[in-house]
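Secondary and tertiary structure notes
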Amino acid sequence: HGIPMEILETKRTLVRELSLEDTPELFQIYQEDHMTDYMEHLYPYEEEMTYEENYIRNVYGLYDYGIWIIRDKETNELIGRAGVESKPDLPLDTVELGYAIAPHLWHQGYATEVCSAILDYSRDVLEKSCVIAEVDPMNQWSIAMLLRLGFQNVSENKRENGLLTYRKPLI
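Quick look at the structure, then. Please read these numbers as outputs of a predicted model, since none were measured by experiment.

Taken as a whole, the largest pocket encloses approximately 1500 Å³ of empty space. As for the largest pocket, its lining consists of 45 residues, of which Tyr38, Met39, Gly98, Tyr99 and Ala100 are closest to the centre. For the lining of the largest pocket, the elements supplying multiple residues, two or more each, are helix H2 (45–63), strand S4 (78–85), strand S5 (94–101), helix H3 (110–124), strand S6 (130–135) and helix H4 (140–148).

What follows is the structure in structure tokens.
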């Protein structure tokens, strides 16, 4: 119906589907220092709008899940993105976790709080049995968070893209 669906709620956040109205706020947090140190930048504005429109229609429309936005429950501030996606090289019962929190909110537990809830959602609602996450070996904060959440490094070596793969069984 074109209305972004609320996915889940944590103690401090609301996680919901992306809407095109979120784009200006996304651009604000992606312009913060260090936001894209270990991830891709957004496309130029008009290209990003087209990408998001297609993502909403195709990814949410096909899978009923994807990468969502995170809002602070008290302030309604957009503070990041997180979610899970299917990938062609993954088994059907496995999804890949992705997350990004605005740098001015790092080290306050938001990523752990939201990702923990997404793992529960992946198991209980999506009925997935495994989640993987790919992380840059230099991103020690993300690696530490994944380990706190029970992920294990399953990379024998860095992948072709230079990333390490972490895995968490959900059952």
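It is worth spelling out the packing of aromatic side chains at this point. Within this structure, the stated rule accounts for six aromatic pairs. With a centroid separation of 6.0 Å and 35° between ring planes, the pair formed by tyrosine 51 and tyrosine 55 is classed as tilted. Of this pair, tyrosine 51 and tyrosine 55 are both found in helix H2, four residues apart, which corresponds to roughly one turn of the helix. By relative accessible area, tyrosine 51 is classed as partly exposed at 36%. Taking relative accessible area as the criterion, tyrosine 55 reaches 7% and is therefore assigned buried. Ring centres 5.5 Å apart and planes at 85° place the aromatic pair tryptophan 68 and tyrosine 121 in the edge-to-face group.

Moving on, we come to the pattern of salt bridges. With the rule as written, the count across this model stands at nine salt bridges. Across the salt bridge formed by glutamate 96 and lysine 87, the nearest N and O atoms sit 3.9 Å from each other. Exposure remark for lysine 87: the relative accessible area of 31% places this residue in the partly exposed category. Beyond isolated ion pairs, a larger network of salt bridges with shared partners links Arg16, Asp22, Glu25 and Arg71.

A few words on the pairing of S6. Within S6, five of the six residues are buried, leaving the element largely enclosed by the surrounding structure. When S5 meets S6, the two strands line up parallel, connected through three bridges. Across the sheet, the residue bridging to threonine 94 is cysteine 130, located in S6. Since S5 and S6 lie parallel, the crossover through H3 that links them has a hand, and here it is right-handed. Strand direction decides the pairing type here: S6 and strand S8 (residues 164–169), joined by six bridges, are antiparallel. Bridge pairing in S8 links alanine 133 to tyrosine 166.

Glancing now at unusual backbone geometry. Although it is not a glycine, asparagine 76 sits at a positive phi angle of roughly 65°. Positionally, asparagine 76 belongs in the loop between strand S3 (67–72) and S4. In this structure asparagine 76 comes out as partly exposed when scored by relative accessible area, which is 47%. A positive phi angle is found at glutamate 127, which is not glycine, with a value near 60°. Counting through the fold element by element, glutamate 127 comes out in the loop between H3 and S6.

With that out of the way, let us pick up H3. The end-to-end C-alpha separation of H3 is 21 Å, in line with the 21 Å expected for 15 residues at 1.5 Å each. Among the residues of H3, those classed as buried are Tyr110, Ala111, Glu113, Val114, Cys115, Ala117, Ile118, Leu119, Tyr121 and Ser122.

What follows is about H4. Looking only at H4, the buried set comprises Ser142, Ile143, Met145 and Leu146. Looking down the long axis of H4, one finds its buried residues gathered within 160° of arc, a one-sided arrangement. Of the exposed residues in H4, those oriented more than 90 degrees away from the buried face are Trp141 and Arg148. In the core, the buried residues of H4 are packed alongside S5, H3, S6 and S8. Phi turns positive, to about 95°, at glycine 150, one or two residues after H4.

Thresholds applied
- Residues numbered from 1 in each chain as written.
- Predicted model: local features only at pLDDT ≥ 70, side-chain atom pairs only at ≥ 80, totals over all residues.
- Heavy atoms only, no water.
- 1 Å grid on protein atoms, 1.4 Å probe; cavity = no way out; pocket = protein on both sides within 12 Å on 5 of 7 lines; lining within 4 Å.
- Points joined across faces, edges and corners; volume = space filled by probe spheres on them.
- Helix = DSSP H or I, 4+ residues; strand = E, 2+ residues; numbered from the N terminus.
- Phe/Tyr/Trp six-rings, centres within 6.5 Å; stacked < 30°, edge-to-face > 60°.
- Buried < 20%, exposed > 50% of the residue type's maximum accessible area, 1.4 Å probe, protein only.
- Salt bridge = Lys/Arg side-chain N within 4 Å of Asp/Glu carboxyl O.
- Pairing = 2+ DSSP bridges.
- Right-handed = clockwise from strand over helix to strand, strands pointing away.
- Expected span 1.5 Å × (residues − 1).
- Arc of directions from axis to C-beta.
- Contact = heavy atoms within 4.5 Å.

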